[in-house]
Amino acid sequence: MGLGWTRVATKETYYALSTPMGVSATATIRISGPRAIDIVSKITKKPLVFFKHRVSNILFIFNKNNSLIDRSVVTCFEKPSSYTGENMVEIHSHGNPTIVRNIFNCLSTFGLRVANPGEFTKTAYINKKIDLVQAEAVFNLINSRSTGGVDISLNNLGGSLSKRLLLIQKSLIYSLSLVEYELDITETDNLKNTQAQVMSSLAETIQNTKKLIKTHSTAKVINDGLRVVIVGRPNVGKSTLFNALLQYDRSIVTSDPGTTRDVIEAPRTISGFSVVVVDTAGLRNTKNKAEIAGVKKTEDEIHSADMIISVVDSTHTKAVIDTPKTTPTILVYNKKDLLSKEQIKTTSNNNIDIFISAKTKDGIKEFLDLIEKNIELNLQPREAFYITSKRQEDVLVSINKSLTKLSKRGVFELEIFAFEIKSAIDQFDWLLGKTTPDEVLDSVFSNFCVGK
């Protein structure tokens, strides 16, 4: 039996391409809103009763002039059991851009509009299918550059982080109930006991929020990857090493000093970690304006790097480049192929991390292992929960600061404790999206692709 769809014409119905534009085997077009099933009935020339929830059919699609557009797989989803919580349709057409455009034109002639960025997920959030933390997980899941990032996003999308945040909030609600009970009674015999329980609960909450805050930098690295910057004097072999790491020739390599005058970067994966490798201009004093600009860019890259590869020509062993002490740095002596075993032994000291030959690739495998080890050492310990957005970090930092300040008050003033704890509880609602200003929502969803 059909689902007994009814024709409706309230609220807007919108559509978007959910797969990348271009030639492919198939393309997926999403339609969401009250008229979704009505429209698919019209463009396929099938009665409303034909369509069943979550049942796929191979159907012909026609425009308003009854011209055939395509033969596609059409799946309907009845509200509220859909991604958005509204009636939804997915049309899986052939992946020819002309066919996609023709379907778009057809939908527009029936009064549908193109979706705004993130509108499908925003609607899911508004219809309480997901909370705001899960919505941000959708964005990260699509954009993550590593397996670890995908795992974190899937975990958050499944609600694990949200449940953790709700548990912390629940602990605060319990503390508030204790304080408000003391406010409501006249006896004070139990005040010291209440104070001890509340302060213990606050200390635990402060510790839990602090732990979550620390996971943000790790999650950012796992999701977005590290920026690994290669620096050194001219002609130490930076560009050759850059090409060796990428396993193809990306930078121009010559024997002339100052060949690289701009920042060149390329992505690659090292043992499951997404890495952006950056080749830079050689650092030296020069009067050449183009080279001066290149040196300035190199200095900027040094200060924004997640990891630095400091390269030295082992045949000349000039002064090592100064790098920030807070940035993990690997000191590499290059041109090993030009040294004898005795020279390597003589040159070696405790500060050198590895000898390599970028030209012959000798030591490159060991060098990659060293990069991997440094990445793992400088990441926070693996946690069960990660916060993945600056918004989440900002809210938790605000909560942590206010509760830390409250816990350090010398006097247990019930009214002040009740007010501050209630404010922290409200911020958890803001974090999860239960009470969030429109401008915050617009900021979150504006970064999404249109089809999500």
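Residues numbered from 1 in each chain as written. Predicted model: local features only at pLDDT ≥ 70, side-chain atom pairs only at ≥ 80, totals over all residues. Heavy atoms only, no water.

### Observations concerning the sheet that holds strand S8 (residues 264–270)
What counts, and what does not: Criterion used throughout: strands pair if DSSP finds at least two bridges between them. Numbering of helices and strands runs from the N terminus; a helix is a DSSP stretch of H or I covering at least four residues, while a strand is a stretch of E covering at least two.
Taken in spatial order, the six strands line up as S8-S9-S7-S10-S11-S12 in an open sheet, and their pairing is mixed. If you trace the sheet from one side to the other, it starts and ends with S8 and strand S12 (354–355), each paired once. Direction of pairing for S8 relative to strand S9 (residues 273–279): antiparallel, over a ladder of seven bridges. By the bridge assignment, Thr269 is partnered in S9 with Ser274.

### Comments concerning helix H12 (residues 390–407)
Heads up, the condition is: One less than the residue count of a helix, multiplied by 1.5 Å, gives the span that helix is expected to have. For every residue, the accessible area (1.4 Å probe, protein chains only) is compared with the maximum for its type, and the residue is labelled buried under 20%, exposed over 50%, or partly exposed between those bounds.
Spanning 18 residues, H12 covers 25 Å between terminal C-alpha atoms, matching the ideal 26 Å at 1.5 Å per step. Buried within H12 are the following residues: Arg391, Gln392, Glu393, Val395, Leu396, Ile399, Asn400, Leu403 and Leu406.

### Thoughts on the confidence of the model for the protein chain
We apply this condition: Confidence scores labelled pLDDT are given residue by residue by the predictor and lie between 0 and 100. The contact criterion used is simple: two residues touch if any of their non-hydrogen atoms lie within 4.5 Å.
Considering every residue of the protein chain, the mean pLDDT works out to 86; 88% of them sit at 70 or more. Between residues 1–10, whose pLDDT stays under 50, and residues either more than four places distant or in other chains, the model counts 25 contacts.

### Examining the pattern of salt bridges
The test is simple: Basic side-chain nitrogens of Lys or Arg form a salt bridge, by our definition, when they fall within 4 Å of a carboxyl oxygen of Asp or Glu.
Under the defined criterion, the tally for this structure stands at 13 salt bridges. In this structure, Arg409 engages Glu413 in a salt bridge whose closest nitrogen and oxygen atoms are separated by 2.3 Å. Here Arg409 falls in the partly exposed class, since its relative accessible area comes to 37%. Relative accessible area serves as the criterion here: at 28%, Glu413 is assigned to the partly exposed category. Note that Asp426 and Lys422 form a salt bridge whose closest N and O atoms lie 3.0 Å from each other. Linking Asp426 with Lys422, this pair stays in helix H13 (residues 414–432), spanning four residues, or about one helical turn. A relative accessible area of 33% places Asp426 in the partly exposed class. Residue Lys422 is classed as partly exposed on the basis of its relative accessible area of 39%. A single salt-bridge network, built from bridges that share partners, covers Glu12, Arg113 and Glu119.

### Thoughts on the environment of Ala203
If you trace the backbone, Ala203 turns up in helix H7 (residues 191–224). Through-space distance from the C-alpha of Ala203 to that of Thr404 is 8.1 Å; in sequence the pair is 201 residues apart.

### Quick look at the sheet that holds strand S6 (residues 113–114)
Selection criterion: To obtain an axis, a line is fitted to C-alpha atoms, over the contacting stretch when the element is a helix, and the angle between two such axes runs from 0 to 180 degrees between their N-to-C directions.
Taken in spatial order, the six strands of this open sheet run S3-S4-S5-S2-S1-S6, and their pairing is mixed. What marks the edges here is a single partner per strand, and that holds for strand S3 (56–62) and S6. Inspection of the sheet shows strand S2 (residues 24–32) paired to strand S5 (residues 88–95) by eight bridges, in the antiparallel sense. Paired with Ser24 across the strands is Gly95, a residue of S5. In this fold helix H2 (residues 97–109) packs onto strand S1 (14–17), S2, S3, strand S4 (68–77) and S5, with an angle of close to 150 degrees to the strand it touches most, S5.

### Quick word on H7
Cut-off, in case you're wondering: At any given residue, the bend is defined as the angle formed between two axes, one fitted to the seven residues that end at that position and one fitted to the seven that begin there.
The terminal C-alpha atoms of H7, which comprises 34 residues, lie 49 Å apart, in line with the 50 Å expected from a rise of 1.5 Å per residue. The largest bend in H7 amounts to roughly 30 degrees and is located at Ser217. Of the residues one or two after H7, Gly225 is the one with positive phi, at around 95 degrees.

### Structural notes on unusual backbone geometry
Working note: non-glycine residues mostly have negative phi, and peptide bonds are mostly trans. Geometrically, the link from Lys79 to Pro80 is a cis peptide bond, its omega value of 0 degrees lying close to zero. The topology assignment puts Pro80 in the loop between S4 and S5. Positive phi, close to 65 degrees, is recorded for Asn66, a residue that is not glycine. When you line up the elements, Asn66 lands in the loop between S3 and S4. Overall, Asn66 belongs to the partly exposed group, its relative accessible area being 48%. Not every positive phi belongs to a glycine, and Lys128 is a case in point at roughly 60 degrees. With respect to the helices, strands and loops of the structure, Lys128 is situated in the loop between helix H3 (119–126) and helix H4 (132–143).

### Thoughts on the side chain of Ser32
Our working rule: Think of a polar contact as two N or O atoms within 3.5 Å of one another; within protein, one of them needs to be a possible hydrogen donor and the other a possible acceptor, and neighboring residues in sequence only count if both atoms come from side chains.
Structurally, Ser32 can be placed in strand S2. Engagement of the side chain of Ser32 in a polar contact is seen with the side chain of Glu86, the distance being 2.6 Å. Residues in contact with Ser32, not counting those within four places in the same chain, are Glu12, Thr13, Tyr14, Thr84, Glu86, Asn87, Met88 and Phe120.

### A look at the nonpolar core
Note on soluble globular proteins: their nonpolar side chains tend to be buried together. To keep things clear, this is the line we draw: Side-chain atoms within 4.5 Å link the members of a nonpolar core, which is a set of buried Ala, Val, Leu, Ile, Met, Phe, Trp, Tyr and Cys residues.
If you look at the biggest cluster of nonpolar residues, it comprises 30 residues, and the most contacted ones within it are Ile230, Leu241, Ile309, Ile330, Ile356, Phe367 and Ile371. Elements represented by at least two residues in this core include exactly strand S7 (226–232), helix H8 (238–246), S8, S9, strand S10 (307–313), strand S11 (329–334) and helix H11 (364–378). By residue number, the principal contributor to this core is H11, which donates six residues. If sequence neighbours within four positions are ignored, Ile230 has contacts with Lys238, Leu241, Phe242, Leu245, Val277, Val278, Thr280, Ile309 and Val311.

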